[in-house]
Each structure stands twice: as C-alpha cells, then as structure tokens.
Amino acid sequence: MANFRYLLICICLFIPSFVSAGVLKGKVTDEKGVSLPYATVFVQGTTLGTSANGNGDFELMLAPGLYKVVCQYIGYKQGAFNCSFVGDEVKTHTFVLKDQSLEMKEVVVHANTEDPAYPIIRNAIKKRKFHLDQVRSFQTAIYLKGVARSRQLPNKILGQKVKDEQTIVDSAGKGVLYLTEEDADYYSEGNKDKTVIHSVHESGNNNGLGFSQFPSVITFYDNNVNMLGGSSRGFISPISDNALNYYKYKLLGQFDEQGHTIYKIRVLPKRSFEPCYTGTVYIVDEDWAIHSLDLTLAKKSGMDVFDTMKVAQVYLPLRKDTWVIKNQVQYVTVNLLGFDITANFVTVYNKQKVNEPIPDSIFADKVVSTYDRTANKKDSSYWTTARPVPLELDEKRDFVSKDSLFKIVTAPNYLDSLRREANKIKALGPFIGGFSFSSKDYKNIYTTNSLLLGLLSENMINYNIVEGVDIAPKLHWKHAVDTGKTIIGDVAVRYGFSNTHFNSVARLYYSSRNKEFLARQWLYGIEGGQYVYQYNPHNPVSAWFNTYTSLLFRQNDIKLYERREASAFVSRNYGTGFSWMLKASYQQRLPLSNTSSYSFFNLAGTGNEGFTPNIPPHLLTEATAWQKHDAAVIYASVSYRPGITYTQFPDYKVANRSKWPLFTLTYDKGIPGVFNSISDFDKWRFNVIDEVSLKLLGNLKYNFVAGGFLNTRYVSVPDLMHIDGDRGVGYAAPYLQSFQFAQYYDFSNKAPLYGEAHIEYHLNGLLSNKIPLLRQARYYLLFGGNAFYANPGLYYTEAFIGIDNIGWKLFRILRIDFVQSWDSYKGNNSGIRFGLNLPGIPAAKSNPTHSEW
C-alpha cells in the first residue's frame, strides 16, 4: 500500500511554538450544529492561527495575554471570542457561525448588459501582477497533515493481495491508507526557495520522511496554476491575464468584514473540457486582492490522475495592500479498478513575513530542502503537545495501531518469511519474468532472464537464421558488501542449434556509493568471453521481435557477429550533474553467415525468398573491410546537466534533477599496433536532450546530435556510425532517438560530419479538447519529426502526426502515429506505428560501461 503515497503529492501547513502557552480548544459548527471542517481560527489583527480538523475541532496555543479570536469559514459570517490567558491553562469555546448575508447594489439592467462581476474581475486582473510581484521574498512556518482514506478496496489486483498486514480497513474496505504530518519553515526569494523540515511523523513507518520538498505556496495570482501535479498543462487562474476568454462570472453579492467590502463571485468555464476551475472567489474591494476561494476541478477539466480536485484558501491582511495566505485545504478523489480513495491535505501557514531580509546562508549549497537530524525521531509525546490541528478519531487509531504494527512487520523473522515466500517459484514466473532467489538478509540476490514470454527483456529461447534456434540463459548476481557497496556479476551462455556455436561471457563489477551522498558513485569492472552481438551496439532489433518476424514474415532484421573480448571499465558520477566513463577493450571480431532458412510459411521457389544476407551490402561499401580481425578500442564519455539542486535528508543527501538539458560527449578511438589490432579510427558524438514544459501549450521534447569521424584509416562494420532504424511490423522504435521507417543499416556511415534531430510536440489536450470524440476519450494530439543528414547522397527525414494518452483511467501509455518519410535512396514510405509513450525522455546515447548481451 506504500504506492498510494505517490498519488498524494502535498502542499503545506504550520505550527506555532511557545515556551509556556495556554490552549483555546473547541468546535466550529453552523447554526444547526453541523460541523464546519477545516475552518480558520486566528487572532484578530495578526496572522497567528490554526485550522479545525475534518470534524470541526480546533486547538490554538496562545501565550499569556488578552486576545480576540476570530473564526472564519467560506460562505459564513465571521465569529469572534474574547479571552485571556495567564499561563498554560486550557479554555474551551464553540464557534457557531451564521450564513453570510449578502447585499446586492441596485443596478439598472439593459439589454446585453454584462454582469456586475466583470468590472470587479477586470480590476483583479489588472492588479494580479502587482500582488504577484509585491512579494519579493516570503517566509512562513508550515504545518501539514495529509491523509488518504479508502471508501472501498478490492481484495486482489492482478493476482496480488491488496489488503495486507499494514492495511487496516474494515470489512467494507474503509480505512486510513496513508497518514503523515510535518512541520517546517519555508523561504522564498526570487527564483530561489528552501524548505527546512523540523519534524515529520508518518503513520506505520518510524523512519518515514513524508514529503521532502513542499511546493511553493499555490498562488492564483499566477496565470497558470498546477496543484498536486494534476495536469501536465496546468489550469487557468480565474484572474489570469486571459481569464475572460475562458470564464464567465456572476456576482452573488457583497458583505463587509473587518472594514473591507468583499465581493462573492461565481466562476464557471465558458466551454466544457477547458483547463478551468468551477466555484467561488471572494475579492477585496479597492485592494482587488483574493480574500478566499473555493474552487473545484473535474475530469473534464483535463486532469491526468485524479477524478476530482478541490482547493479552498483563506487569506488575511498582513498590512495595507498585502494579503497573505493563512489556510489551504486540498481534496482529491480517485476511483480505479475497485479502489475508491479520497485524500485531503490541510496546510496552515503562520508567522508570515513579506519582503523581510533572508540570510544568504539559507540558500547556500543549492540545497532546496533539508531535514533536522532528528526530524523523524520525535516521539508521540512531542506530537501531542506540538500538533496544532487535532487528530480525528480514525487518525488517532491509525497512528497507534500502525506504529505498533511497524515493530512487527520490520522484525527480522517477519521479513525473512516474506523473503522465503518470494523465493517460491510461481506457475508462470519463469516464463514471464524469469526466476529470482534471495539469500538471508538479502545479502545475495540471483535473477535469470525469462524463458519465452518476457517482452521487456530478452528470452532464453529465440530464433534467428544465423544461429537457428538459440538457447541463451543469463544469470545476474548482486552481493551486498556493506552500505552502499555492492559486487555485481553477470554470466551468459548461448548455443545456436543451426550453426552449432557455443558462446559464453561474464563480467564482474564493483559499485561504491557514498552513503552520505547517494548520487555520488564509483563503478569499476572487467568483462571477458565470447558472445554474439548486433553490428549496432544500441541493439535496435529485439531478439523476441526478430523471432516473431522471422518465423511469420521471413524478415531477419537482426544482423549478428561474434566477438571475443577482454575489457576493463571505470565510471564516476559526482552527483553534481557531471559524470564520466572510460573503457578499454581488446576484441577479436568474427563475421557470421546465415545457416538456416526455416519459417512457418515458406515462400514459393527455394524457400529462401524474403530473407536477406547477414551482412547488408551497404555496410561493405562503407566499412574499410569486414573480415576476422583484432581491434583495440578506447571508449570515453562525459555528461553534464547544469542546475542540479539537492535534498538533505537526516542521514544522506540526494540530487534533484534540474530543468536544464543534458549534454553528452562521447569519443571512440581505434588503436592500431596493440598486439594484432588493425583498427584505426577516431569517432565523436555530441548530443543535447531535454523536455520543456510549455504549460497550456503542451510540452516539447528534443534530442539534437552532431558527430563524425576525425580519422577513418581502418573502420570495421561494428565501428561505423549506425542510426537506430525500424522496420518492425507496426511496432514503433524507441521515441526521440530512433527513425520509425529507416532501414537498420542503409544509413550507416563514416562521414566526417553528420547531424541528427528528433523533435516531438505533445499538445496534451490542446486542440483535441475541441474535437468531440477525442476530448471525451481524453486522447491527445502530437506532431514531430526525425532527421539525419551526412551529405547530399546520404540523408533521411520523416514527419509524423499521432495520438497519445490512449488507454483507460490511469493506464494511458499507448500511442499511434502516422509517419511519412523521405530519404536519399528516393524512398517515400508511409504507414502506422504503434508504441508505448512512457513519461519523460530517454537517456542520451553514450558509450556503455559494459556490452549489452
């Protein structure tokens, strides 16, 4: 059930701290006695306050003194209570709030007269940038409580039990799935921000760390607002610069509060399926600032994950023209595969400071989030006194039961029983995912490849016309030496029944990761043996797919050679965005020929039609020669991504990916005269890859490449520059690095200079939300192209238009493209490609530390 926490990305809350403090506690209800959940309770004239819980219960700690405590709830008239404290006494009070009575100014209505809300909204839009820019720096204390509850759970999904020992629900499947609370300080200045987490309490996990980086305060003064990662495009603020193009407004009335006139305005999207909110905003007259809001998003608003999402915010005046957020509540629902889950995140802000000096040390060392050393070590007595928002009954039970259960499920005997259960061979396990075995304490872990059905990994049994049926078992071994130190071994053997060749290869490497800085790592290794490899080291043709096309369509796209090799490699990741790799290899390359012509459906004639030679003719014209030969080769690469930031956990530090592109440079050198080596070439490649969010306009992915040969005195077939082509039957090659209709080896070359470009523009609902069938299915449009150019006689270009986000509910990873290509061979191909559109961008092509078997 730990996976649920990743659906529940949270925002923030507060906790005050006093040496000696009294407590005002009580309840917030309406006139009928109905609880008002998450009401705001604060001291008049200050921003000191708290939030009620989901049952309307509140607690407010106050130092000795006289106070006028105000209670506020959206849609209700404020209530007030005068009290005094002389020490650590406890007082109780129930706030009974009345419905907010609204006044409407008399207006003369003419035909085509717009609603009185529009002039108010125009003023708020004009003042939007003022309120956004006036906060040059911001400091606040935060308290956060996030809880996810199930309203219904299935017993199993995909054969796996859902209700395990750590899932405490009733017979109907109702209960708390995830519960955490945190208190922190937040700092923001310009484009810099930092969160300092002082304490965190995660139910059922004594070592839990909650959420390491609170997002900056959600502000509807931004044109584009994206809460909890609800959409890759974000959503349009009701007071954004172009809001009048997307929203319609209705003035519901006005009221006076603390010397301010407040307008209550209903906001509705002008059109369905636009990234817009529905709900109510309250605007302060003359200041034209947000007083509070209550807004909702539905699935047709373009949300990627959640079914509904609601946000309520309350602002308080800090000084003239400056209103700061006080409380925020976010509520989400998800209904999928029998799971009916709700979650809410209550955030209280306290001790807000605007435009006051922040020490430079706060933003030092590029650390954007840091934990106190004992942040997750606070006991229950600490939280009993420090928690500003009272727990609800089921939350109290959850903390008690799961904290006790944690001791059971982390006991060595229990963990060992899970290990023994996982080691049992399942019915289809070896066929689909291979076999896995773990020794006691997971000191050693052994895994194998699958027998026949592992589409995401190479199978043990395949077919190609070079070897015939080949048996290729692989064993992976991982041995934990110490914290952060690991020995890894791989062994592979392979036998072809048609060419009767037996091959075996092994490698051993040692990984040393800095236990205090997890991104920092050394990797050393050696490799040796004889095995079968594709000419293109990126392995563009998968063995299982070649088996399928060879047996059914007589297409033998995989082209193979044998290689005897002894190599050593070393790599270093500094955790700063910079890494490098160096590999030295001595190889003997041996050409192979086809030895089989079998397929399920033989063509007329000799039975060899359709199959092609194992060495494409174009490669023979490009390479210096293709014969048995020795090669001494040095491979090197460096990568750098600027702008890396860090999160400092209590015991270790990790790196956070930046918004900058990844730059990678590789260099290969064939060295003649080393033993019997005749290879003599110098090859380089430089590429830049990134994904850029365009917010409402979608996102842009690109991969730009330049490379070439500085020396071509002896370039063998495996050393040529090979593009990643694809002529699979409808199946798309990896996006952003491949060419969907290029033949695998027709464009291999040793050109002194070449260029590649891969560009994809994903609209993420833009335009498709205007097309009835696409918008209801939530299918998105995309455009792009791939291009390669070496010289006027060697180039390839293709353009495509496609639909992605195909699937159901959360499972939307399918994509279909129509592709049209043009090339220097006067080819003019077009067709359909189906593929998996996984999030993110692929890793840049660089020299691997070890060969791919």
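Residues numbered from 1 in each chain as written. Predicted model: local features only at pLDDT ≥ 70, side-chain atom pairs only at ≥ 80, totals over all residues. Heavy atoms only, no water.

(A) Quick look at the overall build of the protein. Assigned secondary structure in the protein consists of eight helices and 43 strands. At 32 Å, the protein has a C-alpha radius of gyration in line with the 29 Å of a compact globule built from 853 residues. For the protein, the C-alpha atoms occupy an extent of roughly 95 × 70 × 55 Å along the three principal directions. Considering the protein as a whole, with its 853 residues, one finds that 52% of them fall into the buried category. For the protein, the exposed area adds up to about 38200 Å²; of that, 59% sits on carbon and sulfur atoms. (Helix = DSSP H or I, 4+ residues; strand = E, 2+ residues; numbered from the N terminus. Rg over C-alpha atoms; globule rule 2.2 N^0.38 Å. Buried < 20%, exposed > 50% of the residue type's maximum accessible area, 1.4 Å probe, protein only. Areas by Shrake-Rupley, 256 points an atom, 1.4 Å probe, with all protein chains shown as cover.)

(B) Highlighting the pattern of salt bridges. A complete count under the given rule lists 36 salt bridges for this structure. Where lysine 310 meets aspartate 294, a salt bridge forms, and the shortest distance between an N and an O atom there is 3.8 Å. Here aspartate 294 lies in strand 18 (residues 290–298) and lysine 310 lies in strand 19 (residues 308–319), a separation of 16 residues in the sequence. Take lysine 310: its relative accessible area is 35%, and that puts it in the partly exposed class. Between glutamate 527 and arginine 507 there is a salt bridge, with its nearest N and O atoms 3.9 Å apart. Of this pair, glutamate 527 sits in strand 30 (residues 521–534) while arginine 507 sits in strand 29 (residues 502–513), placing them 20 residues apart in sequence. With respect to class, glutamate 527 is no different from arginine 507; both count as buried. Put simply, Lys145, Arg149, Glu392, Asp394 and Glu395 are held in one network by salt bridges that share partners. (Salt bridge = Lys/Arg side-chain N within 4 Å of Asp/Glu carboxyl O.)

(C) Layout of the state of the cysteines. Inspection of the entire model under this criterion finds zero disulfides. Free of any disulfide, cysteine 71 has its nearest cysteine sulfur in cysteine 83, 13 Å distant. (Disulfide = S-S within 2.5 Å.)

(D) View of the environment of methionine 581. The residue methionine 581 is located in strand 32 (residues 578–591) in this model. A sequence separation of 85 residues divides methionine 581 from threonine 666, and the C-alpha atoms of the two residues are 9.2 Å apart.

(E) Inspection of helix 4 (residues 412–423) at higher detail. Along its twelve residues, helix 4 runs 16 Å from first to last C-alpha, staying within 8% of the 16 Å computed at 1.5 Å per residue. All of the buried residues in helix 4 are Tyr414, Asp416, Arg419 and Asn423. Where helix 4 is buried, its residues contact helix 3 (393–409) and strand 23 (436–438). (Expected span 1.5 Å × (residues − 1). Contact = heavy atoms within 4.5 Å.)

(F) Looking closely at the packing of aromatic side chains. Evaluated as defined, the whole model comprises 40 aromatic pairs. Aromatic pair phenylalanine 220 and tyrosine 277: ring centres 5.3 Å apart, planes at 65°, arrangement edge-to-face. Remark: tyrosine 277 occurs in the loop between strand 16 (260–269) and strand 17 (278–284) and phenylalanine 220 occurs in the loop between strand 12 (192–202) and strand 13 (224–225); sequence separation between them is 57 residues. Summarising the burial analysis for this pair, phenylalanine 220 and tyrosine 277 share the class buried. On the basis of an interplanar angle of 25° and a centroid distance of 6.5 Å, the ring pair of tyrosine 789 and tyrosine 795 is categorised as stacked. For tyrosine 789, a relative accessible area of 45% gives the class partly exposed. You can call tyrosine 795 partly exposed: its relative accessible area is 31%. In textbook terms, an aromatic cluster arises when at least three aromatic residues are bridged by ring pairs, as seen for Tyr531, Tyr533, Tyr535, Tyr561, Trp626 and Tyr745. Positioned above the aromatic ring of tyrosine 646 is the side chain of lysine 653, whose terminal nitrogen or guanidinium carbon lies 4.9 Å from the ring centre. (Phe/Tyr/Trp six-rings, centres within 6.5 Å; stacked < 30°, edge-to-face > 60°. Lys NZ or Arg CZ within 6 Å of the ring centre and 35° of its normal.)

(G) Spatial organisation of helix 1 (residues 117–133). Over its 17 residues, helix 1 extends 25 Å from the first C-alpha to the last, a length consistent with the 24 Å expected when each residue adds 1.5 Å. Along helix 1, the helix axis deviates most sharply at lysine 127, where the bend reaches about 40°. If you follow the buried residues of helix 1, they end up packed against strand 15 (247–257), strand 16 and strand 17. (Bend = angle between axes of the 7 residues up to and from the residue.)

(H) Examining the confidence of the model for the protein more closely. Scored by pLDDT, the protein has a mean of 90; 91% of the residues are at 70 or more. Contacts of residues 1–19 to residues separated by more than four positions or lying in other chains number 82 contacts, the stretch itself having pLDDT below 50. (pLDDT = per-residue confidence, 0-100.)

(I) Inspection of the sheet that holds strand 6 (residues 79–85) at higher detail. In spatial order, the strands read 3-2-5-6; together these four strands make up an open sheet with antiparallel pairing. Where the open sheet ends on each side, the last strands, each with one partner, are strand 3 (49–51) and strand 6. Strand after strand, the sheet turns through a mean of 20° between neighbouring axes, direction not considered. As paired strands, strand 5 (residues 65–72) and strand 6 are joined by seven bridges and run antiparallel to one another. Each residue of the ladder has a partner; that of valine 69, found in strand 6, is phenylalanine 81. (Pairing = 2+ DSSP bridges. Axes fitted to C-alpha atoms, helices over the stretch in contact; angles between N-to-C directions.)

(J) Spotlight on the environment of leucine 177. Mapped onto the fold, leucine 177 is located in strand 11 (residues 175–189). On the basis of relative accessible area, leucine 177 is assigned to the buried category, the value being 8%. As for leucine 177 and asparagine 245, which are separated by 68 residues in sequence, their C-alpha atoms are 41 Å apart.

(K) Structural view of the pairing of strand 27 (residues 474–482). Examined bridge by bridge, strand 24 (residues 444–448) and strand 27 share five bridges and lie antiparallel to one another. Within strand 27, the residue paired with tyrosine 446 across the bridge is tryptophan 477. Hairpin geometry of strand 27 and strand 28 (residues 485–496) is characterised by an intervening segment of two residues between the two adjacent antiparallel strands and by a positive phi of about 85° at glycine 484.

(L) Examining the sheet that holds strand 4 (residues 57–62) more closely. If you walk across this open sheet you meet the three strands as 4-1-7, and the pairing is mixed. Looking at strand neighbours, the two that pair on one side only are strand 4 and strand 7 (90–97), the edges of this open sheet. Strand-to-strand twist across the sheet, computed as the mean angle between neighbouring axes with direction ignored, equals 25°. One ladder, built from eight bridges, connects strand 1 (residues 22–30) with strand 7; its direction is parallel. Bridge pairing in strand 7 links threonine 29 to valine 96.

(M) A look at the nonpolar core. Formed by 67 residues in total, the largest nonpolar core has its most connected members in Phe220, Met227, Tyr247, Tyr249, Ile265 and Tyr277. For isoleucine 265, the contacting residues outside a window of four places in its chain are Ala117, Ile120, Ile121, Tyr249, Lys250, Leu251, Gly279, Thr280, Val281 and Ile283. Listed in part, the 45 residues of the second largest apolar core include Val466, Ile723, Ala751 and Ala790. (Core = buried A, V, L, I, M, F, W, Y, C linked by side-chain atoms within 4.5 Å.)

(N) Seen up close, unusual backbone geometry. Not every positive phi belongs to a glycine, and glutamine 258 is a case in point at roughly 50°. Locating glutamine 258 in the fold gives a position in the loop between strand 15 and strand 16. Glutamine 258 gets classed as partly exposed once you look at its relative accessible area, which sits at 46%. Positive phi values are uncommon outside glycine, yet phenylalanine 675 reaches one of about 55°. You can see phenylalanine 675 is positioned in the loop between strand 36 (662–671) and strand 37 (680–693).

(O) Expanded view of a nonpolar patch on the surface. On the surface, Leu428, Phe431, Ile432, Leu452, Ile461, Val469 and Phe497 cluster together to form a nonpolar patch covering roughly 630 Å² of accessible area. With respect to the helices and strands, the residue leucine 452 is situated in the loop between strand 24 and strand 25 (461–464). (Patch = residues over 30% accessible without salt bridge, like charges linked within 9 Å, V, L, I, M, F, W, Y side chains within 5 Å.)

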